[in-house]
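# Observations on the three-dimensional arrangement
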Amino acid sequence: MKALVTLLGAVVLPSVAVAESFESKATGAIKVAHTDDLVWAITATCDKGDDVQQRQCRVTRDKKAKQLTGATLLVEGDGDALQIGKFNPQKKSVSVTLFACVRCGGIDIEGKPWFVTGSGAPKLDGNRLRAATLYDNARGFADQASATAWTRAMANAQFQLVIKVPDPSRRKLSVGGRDGLGVDVVAWRVINPCDGAVVISSVPSQPVEPDKLACSQGGGIVIPPDGADALTPAMVSEAMKPVIASARACASKYKIPGNSKLEITILADGTVEQFKQQGDFEGTPVATCIADAMKQAAFPKTKKPRTKIGFPIAFE
């Protein structure tokens with residue numbers, strides 16, 4: 001039975017002098033620190049262990065599911081839900097697109113991946129899951145240098161959503177054989193962690209305190225000497241860049257498209273204890289390239305003895 005850690009607490013955000021704002025919609029929301037706890041409460045089968053363990057699991061699951069269904073929740077979206085295009089010198093702008101990805105890459109629950117998206121059912125684009133588009137526009141810049149500087153600063157952008165979990169008849173999704181959880185998006189915002197500015201949002205929002213752990217001059221990530229409390233999506237994305245680059249080079253060389261899900265266990269010192277691959281690349285040179293790159297992967301130190309993550313890799 002999965003022990004559901006209580007990582008939920010009421011969030012009280014300051015109000016602003018407008019009738020409708022992100023802060024007003026998030027007032028009293030339950031902050032979900034780990035999305036897998038939410039998905040577990042909604043999807044767990046509780047069929048592992050003996051009768052007593054299964055019964056205890058079902059009681060815990062049902063109690064938490066009842067608490068969360070219909071409640072207002074504050075969650076962090078995928079770090080790569082925000083996509084910024086290249087600078088267009090003719091239009092002097094970059095495209096900015098935001099997808100309703102809470103966890104498009106999937107969360108492993110009892111050995112089964114579940115994606116989490118909002119604002120309607122997602123679609124499959126080849127092997128890639130495409131959530132609904134929340135924002136699609138262009139941002140103007142005086143020149144390429146200023147556009148590049150802004151894009152670098154947004155490398156670790158924070159994507160926050162105020163959501164509600166709908167009733168059971170509407171929350172289960174299935175796309176191309178993949179199962180998922182659909183949520184109702186109440187409000188969203190994207191924050192530049194370097195200065196706390198809200199870059200885009202569905203309703204007006206105040207700036208927040210800068211997050212120096214997620215940003216430094218030049219766009220890097222700053223880790224305290226004794227380690228971060230936990231790995232953030234930005235930290236994981238940064239550590240996995242060499243792995244993705246190696247996999248992309250092999251996929252291009254051998255012309256092997258597809259997607260893979262890595263299940264990675266990371267020790268407190270940032271080393272990889274073990275990992276498993278699942279998906280289209282198994283038995284191909286791409287899988288070998290991924291395995292070789294993972295041997296060299298290094299994550300930031302944390303205060304957690306072990307961290308287990310799921311990481312998707314997809315190439316068309």
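Residues numbered from 1 in each chain as written. Predicted model: local features only at pLDDT ≥ 70, side-chain atom pairs only at ≥ 80, totals over all residues. Heavy atoms only, no water.

## A closer look at the sheet that holds strand 16 (residues 272–279)
Pairing in this open sheet of three strands is antiparallel, and the strands run 16-15-17 from one edge to the other. If you trace the sheet from one side to the other, it starts and ends with strand 16 and strand 17 (306–315), each paired once. This sheet shows a mean twist of 20° between the axes of neighbouring strands, independent of strand direction. Set on the sheet, helix 8 (residues 285–296) makes contact with strand 15 (258–267), strand 16 and strand 17; between it and strand 16 the angle comes to about 165°. (Pairing = 2+ DSSP bridges. Helix = DSSP H or I, 4+ residues; strand = E, 2+ residues; numbered from the N terminus. Axes fitted to C-alpha atoms, helices over the stretch in contact; angles between N-to-C directions. Contact = heavy atoms within 4.5 Å.)

## Observations regarding the pattern of salt bridges
As a working rule, side chains carrying opposite charge can pair if their charged atoms are close by. A complete count under the given rule lists 10 salt bridges for this structure. Its salt-bridge partner being Arg 103, residue Asp 78 comes within 3.5 Å of it at the nearest N-O pair. Highlighted residues: Asp 78 in the loop between strand 3 (72–76) and strand 4 (82–84) and Arg 103 in strand 6 (residues 101–109), separated in sequence by 25 residues. Its relative accessible area of 11% is what places Asp 78 among the buried residues. A salt bridge links Asp 292 to Lys 295; the shortest N-O distance between them is 3.9 Å. With Asp 292 and Lys 295 both in helix 8 and three residues apart, this pair spans about one turn of that helix. Since its relative accessible area comes to 40%, Asp 292 is described here as partly exposed. (Salt bridge = Lys/Arg side-chain N within 4 Å of Asp/Glu carboxyl O. Buried < 20%, exposed > 50% of the residue type's maximum accessible area, 1.4 Å probe, protein only.)

## Focus on unusual backbone geometry
A positive phi is found at Cys 46, a non-glycine position, where the angle reads about 55°. Following the sequence through the fold, Cys 46 ends up in the loop between helix 2 (35–43) and helix 3 (51–68). You can call Cys 46 buried: its relative accessible area is 2%. Look at Lys 255: it is not a glycine, yet its phi comes out positive at around 55°. For Lys 255, the position within the fold is in the loop between helix 7 (241–254) and strand 15. What makes Lys 255 exposed here is its relative accessible area of 69%.

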